[in-house]
Amino acid sequence: MDPLPDLLRNCAQVLSPDELRKKLAEGRPLRVKLGVDPTAPDIHLGHTVGLTKLRQFQELGHQAILIIGDFTAMIGDPSGRSATRPQLTHDEVMANAKTYQEQAFKILDPARTRVVFNGEWFEMMSFEEVIRLNSRVTLQQMLQREDFRDRLDRGLPVRAHEIQYPIMQGWDSVQIQADIELGGTDQLFNIMVGRDLQREEGQPQQVAMMLPILVGLDGTQKMSKSLGNSVGVTEPPVSMFGKLMSIPDAAMAGYYELLLNESLAADTHPMVAKKELARRIVARFHSEADAAHALEDFNARFSQRDLASADLPTFALLPGQDLVSNVVAAFASLGATRSRSDVRRLVEQGSIQLNGEKITDPKAPLDAGTTGILKLDKTRAVRLG
RNA sequence: GGGUAGGUUCCGGAGUGGCCAAACGGGGUGGACUGUAAAUCCACUGGCAUUGCCUUCACAGGUUCGAAUCCUGUCCUGCCCA
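I will try to describe carefully the structure that is included in this document. (Residues numbered from 1 in each chain as written. Chains lettered and ligands numbered in written order. Predicted model: local features only at pLDDT ≥ 70, side-chain atom pairs only at ≥ 80, totals over all residues. Heavy atoms only, no water.)

## Remarks on the layout of surface pockets
Space left empty within the atom packing is revealed by a probe, the size of a water molecule, rolled over the atoms.
And step 1. Considered as a void within the structure, the largest pocket measures approximately 1,300 Å³ in volume.
And step 2. Lining the largest pocket we find 48 residues, and of these H47, D77, R85, D186 and K222 sit closest to its centre.
And step 3. Looking at side-chain class alone, the lining of the largest pocket contains 19 nonpolar, 18 polar and 11 charged residues.
And step 4. Within this model, the second largest pocket holds a volume of roughly 780 Å³.
And step 5. Lining the second largest pocket are 23 residues, with V238, S239, G242, R301 and T379 sitting closest to its centre.
And step 6. Counting only elements with at least two residues in the lining of the second largest pocket, the list comes to α12 (237–245) and α15 (288–303).
And step 7. Taken together, the residues that form the lining of the second largest pocket break down as 12 nonpolar, five polar and six charged.
And step 8. Three or more residues apiece are contributed to the lining of the second largest pocket by two domains, here domain 2 (237–306) and domain 3 (314–384). (1 Å grid on protein atoms, 1.4 Å probe; cavity = no way out; pocket = protein on both sides within 12 Å on 5 of 7 lines; lining within 4 Å. Points joined across faces, edges and corners; volume = space filled by probe spheres on them. Nonpolar A, V, L, I, M, F, W, Y, C, P; charged D, E, K, R; others polar. Helix = DSSP H or I, 4+ residues; strand = E, 2+ residues; numbered from the N terminus. Domains from an automatic or database assignment.)

## Digging into the packing of aromatic side chains
And step 1. Within the structure shown, the criterion is met by four aromatic pairs.
And step 2. Summarising the aromatic geometry, the rings of F71 and F122 are spaced 6.3 Å apart at their centres and angled 25° between planes, so their arrangement reads as stacked. Here F71 is found in the loop between β3 (63–68) and α4 (72–75), whereas its partner F122 is found in helix α6 (residues 119–122), with 51 residues between them in sequence.
And step 3. Note on F241 and F298: the rings are 5.5 Å apart at their centroids and 50° apart in plane angle, and the pair reads as tilted. (Phe/Tyr/Trp six-rings, centres within 6.5 Å; stacked < 30°, edge-to-face > 60°.)

## Quick look at α15
Turn by turn, an α-helix covers 3.6 residues, leaving residues three or four places apart pointing in a common direction.
And step 1. With 16 residues, α15 extends 21 Å from end C-alpha to end C-alpha; this agrees with the ideal 22 Å at 1.5 Å per step.
And step 2. Among the residues making up α15, those that are buried are A291, A294, D297, F298, A300 and R301.
And step 3. Positioned one or two residues after α15, R305 has a phi angle of 50°, which is positive. (Expected span 1.5 Å × (residues − 1). Buried < 20%, exposed > 50% of the residue type's maximum accessible area, 1.4 Å probe, protein only.)

## Considering the sheet that holds strand β9 (residues 357–358)
And step 1. Read from one edge of the open sheet, five strands run β7-β11-β10-β8-β9, paired in mixed fashion. The two strands at the open ends of the sheet, each matched to only one other strand, are β7 (314–315) and β9.
And step 2. The pairing of strand β8 (residues 353–354) with β9 spans two bridges and is antiparallel. Residue pairing across strands places L354 opposite E357, the latter belonging to β9. (Pairing = 2+ DSSP bridges.)

## Remarks on the protein's contact with RNA strand B
And step 1. RNA strand B sits among 29 residues. The nearest are R159, D249, F298, S341 and R345.
And step 2. Counting only atoms of RNA strand B within 4 Å of the protein, the fraction found in sugar and phosphate groups is 72%.
And step 3. Measuring from a phosphate oxygen of RNA strand B, one finds a side-chain N or O atom of S341 at 2.2 Å.
And step 4. Here a phosphate oxygen of RNA strand B and a side-chain polar atom of R345 are 3.2 Å apart.
And step 5. Those elements that provide at least two residues to the surface near RNA strand B are α14 (270–285), α15 and α17 (340–348). (Near = heavy atom within 4 Å. Polar contact = N/O pair within 3.5 Å; in protein donor to acceptor, adjacent residues only side chain to side chain.)

## Considering the side chain of S351
And step 1. Here S351 is to be found in the loop between α17 and β8.
And step 2. When near neighbours in sequence (up to four residues on either side) are disregarded, S351 contacts L346, K375, L376 and D377. (Contact = heavy atoms within 4.5 Å.)

## A word on the sheet that holds strand β6 (residues 207–211)
And step 1. Taking strand neighbours across the sheet as the criterion, the six strands line up as β1-β6-β5-β2-β3-β4 in an open arrangement whose pairing is mixed. In this open sheet, the two edge strands, each paired with only one partner strand, are β1 (13–15) and β4 (113–117). Ignoring which end each strand starts from, the neighbouring axes of this sheet average 20° apart.
And step 2. Direction of pairing for strand β5 (residues 180–184) relative to β6: parallel, over a ladder of five bridges. Residue pairing across strands places L182 opposite M209, the latter belonging to β6.
And step 3. Packed onto the sheet, helix α2 (residues 17–25) meets β1, β5 and β6 and runs at close to 120° relative to β6. (Axes fitted to C-alpha atoms, helices over the stretch in contact; angles between N-to-C directions.)

## So, the packing of helix α10 (residues 164–176) against helix α11 (residues 188–200)
And step 1. At a minimum axis distance of 7 Å, the contact between α10 and α11 shows a crossing angle of 55°. Our classification of the angle between α10 and α11 gives oblique. Here α10 and α11 pass one another in a crossing that is right-handed. Here Y165, P166, I167, Q169, G170, W171, S173 and V174 of α10 lie close against α11, whose contacting residues are F189, N190, I191, V193, G194, L197 and Q198.
And step 2. By residue class, the composition of the contact of α10 with α11 is nine nonpolar, six polar and no charged. (Parallel < 35°, antiparallel > 145°, perpendicular 65-115°, else oblique. Left-handed = near helix turned anticlockwise from the far one by under 90°.)

Given below as structure tokens:
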């Protein structure tokens, strides 16, 4: 059976399908490269799009090469960014790299994955070699990218180290002699630099496979931790489920395609389809049982507005304290920090409910023996006890 | 190195001596409505406090009864010139 159509599925752009066909026809395991920069400790669903494609190659017997960009992460990929990224130290990066690998193997097959750190070669390079590498590209090439151009036009700084990024990513491809490089559509430029460098080194050029960008929970921007619109793969089932339910309907089709690798049936009710989506994703990263539980919990909490039978953390009231103090403490027990002013506003605006009744007086006393459910905000509530 | 324009609250961006915790827009949050969707409407959006107080407008000093606004120095950025 011809694997090509399946491999091309979901790809935003492939340069070129023809080259890919030829490589496949060689009948050897291809080296498929995917680079990740461990700039944060956790990977999120957006990262899993590329990993899933990589897994697909693995299942066909190809060799996955996961490049951990310990060096490139210190620069930060400027792709799509409107500002320089904060620079991380090598120690921070290495700590992130550890959790990244663990999480990536929730999707990848360890047996067919080679993990490489690009520090392996960059750390060794002398300044002379760096200069030599830099002399192969022109400033104009590096600056023609839209993100840089935009910053230039808007009078924002573009720092010299940022233009090193594509060169480094390209050099990675040379080092591992990549046959194929996967990346988001915003990686087109970087991947093409890899092709250029490979050609200069007399290597066969890699095929560029660009995958669509997964939008975040807001339904418009790219999923990214720094934008606060991401779902981490290690998040607890209930929270993962809830977040997925909050995506706009319009974003659902993309999630089906990119995360489940199938098309969203047009005739399904959006809510049913979304619950199914959430359930399956939770099942993938946790378990079927967790997923079933998360679904039940969601139904109880939101569909039936039955907080009482939902799975809530308990909170012991602070004796003799007013409502605001207790709510602040309750948020704190959930790991959220809210100022008293903030909580006061929540109270006055009717967010705080005790057993379904709004309490809008910030100074309302709470008897220590009060029991029931205290709703804090849209998604958080605690059981008193 | 020279010239010039700037650095404002999460972001963009007003404000050029008191009426400024600082317009307006975006974003975010809460409420109503819902399918925890979208759209819409309302409210809130530095901290503490039931009058009021405290800390903010790059940083450090200064002038003044009073400064985001004036002065001096420092740091940072854009643009033009070299």
